[in-house]
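Commentary on secondary and tertiary structure
Here's the letter readout for the chains.
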Amino acid sequence: MNRSDPNRLRVAAVTSCRSDFGRMLPLYRRIQEVGWCELLLVAGGSHFGPGSTLDEVIASGLPLAARLEPAAGASPHAIAAHLLEHLAAWLEAARPDCLLLLGDRYETLACAMAAHAQRIPILHLGGGYQTRGAMDDAMRHAISMLADWHLVANAGCAERLHRLGRAEERIRIVGAPDLDMIRQATRLSRRQLLESLDLDPALPFLLVTLHPETRTPPSSAALAAVMAALAADPRQLLITAPAPDPGANAIQQHIDDLVRRRADVAFCHSLGESRYISALYETVAVVGNSSSAIIEASILTVPVIDVGERQGGRPKSRRVVHCGWSGTALAEALLALPALPPGGHRLSDVPSPYGDGTTSEACLRLLAELADERYPYTHGSPQPR
């Protein structure tokens, strides 16, 4: 594959699921905008699974350099193996200057292994976190051990990576890219958002996302009790899909039952960038155990009820109330929620432990350094928009 411009830094990136794409979209767009970078975006993994989110990638307008589609109905292990094999072949042909990866999922680890074997430098965002309720810690640290540069959210993440033996000069504190998305996303009006989901704009709603806990899963009874507490809440419910991890089917069955029993419950596999951010502004509270409730919501005034230990170990804002897999505890937390402020939530004046929403610019500064090392020329420093 020939380089269209020998003086452009060719940055490959892999998006393998709905969550990593939304978080990375602001950075992807900035790489496209500057004249000294070329983005080579590869889509694979869960984008092609049930409730396909590939349409969200295409709708962004970003060109795809490759589509690595696994077999229909492939298991998580098969998806990871497919990415490892086919991304390795693509990287060997494309020879990008570096590979940009976010997060800690099994797909991401497969991508890191493929790049490491090809001796392609890896820039990893999201290293150094700790999540006690999921097996992600092991995969996240494994990716960090394969990565060449570490773009982390805060000083705690940097210190954890340093204790793992990562060189300090290869660790940059840039914040979490999730917050860039909050600041830049196009918001829908409350009416536009809720009418598109067949919910009543005049009534309050809860934004719910429950994922499996892969390290210490709750019992069937505990899961049922938590779902019963949600079912008993009088407010409308907007529920998004659980991550495709072991245990997701059990959660989805409860969601499907809830949708059948209540007309004021909306299930959406993936809300997409604009609707999800709009929902954060308009909901009474975020309920569940998604990282978005801890990271994205930290920059807003929205209350959060964090269920279980999936996000255990992450720094949390003061608006986060924790409860275990207990229907009684969740019911009490739901009852104690304040009313939605007039006009919805706003950006908080309390600093977030995940940065200030300028992660893309900080990442571009590192890419500019790499460009100068690889192709010495005057490209100009990236400037904030």
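Residues numbered from 1 in each chain as written. Predicted model: local features only at pLDDT ≥ 70, side-chain atom pairs only at ≥ 80, totals over all residues. Heavy atoms only, no water.

1. Section: helix α14 (residues 359-374)
Inclusion rule: Runs of H or I in DSSP of at least four residues are treated as helices and runs of E of at least two as strands, each being numbered from the N terminus. Each residue after the first adds 1.5 Å to the expected span of a helix. Buried, partly exposed and exposed residues are distinguished by accessible area as a fraction of the type maximum, computed with a 1.4 Å probe on protein chains only: under 20%, between the cut-offs, and over 50%, respectively.
Spanning 16 residues, α14 covers 23 Å between terminal C-alpha atoms, matching the ideal 22 Å at 1.5 Å per step. Here α14 has its buried residues at Thr359, Ser360, Glu361, Ala362, Cys363, Leu364, Leu366, Leu367, Ala368, Leu370 and Ala371.

2. Describing the sheet that holds strand β10 (residues 265-268)
The condition that has to hold: Pairing between two strands requires that DSSP report at least two bridges joining them. Lines fitted to C-alpha atoms define the axes here, with helix axes fitted over just the stretch in contact, and angles between the N-to-C directions of these axes take values from 0 to 180 degrees. Here, two residues are considered to be in contact whenever any of their heavy atoms come within 4.5 Å of each other.
Ordered in space as β10-β9-β8-β11-β12-β13, the six strands form an open sheet in which the pairing is parallel. Bordering the open sheet on either side are β10 and β13 (320-323), each of which pairs with just one other strand. For this sheet the average axis-to-axis angle between neighbouring strands, irrespective of direction, equals 20°. Examined bridge by bridge, strand β11 (residues 285-288) and strand β12 (residues 304-307) share three bridges and lie parallel to one another. Looking at the pairing, valine 286 lines up with valine 304 of β12. The strands touched by helix α11 (residues 272-282) are β8 (205-209), β9 (236-240), β10 and β11; relative to β8, the strand with the most contacts, the crossing angle is about 130°. Packing of helix α13 (residues 327-335) onto the sheet brings it into contact with β8, β11, β12 and β13, and relative to β12 it is tilted by some 175°.

3. Some remarks on the nonpolar core
Selection rule: Take the buried Ala, Val, Leu, Ile, Met, Phe, Trp, Tyr and Cys residues and link them wherever side-chain atoms come within 4.5 Å; each set so joined is a nonpolar core.
Core analysis: the largest hydrophobic core is formed by 38 residues, its most contacted members being Leu197, Leu207, Leu238, Ile277, Leu280 and Tyr354. When contributions to this core are tallied by element, the ones reaching two or more residues are α6 (155-163), α7 (177-184), α8 (190-195), β8, β10, α11 and α12 (291-294). Sorting elements by how many residues they give to this core places α11 first, with five residues. Setting aside residues no more than four positions away along its own chain, isoleucine 277 makes contact with Met181, Ile182, Ala185 and Arg187. Leu100, Leu123, Trp149 and Ala362 belong to the second largest nonpolar core, which has 35 residues in total.

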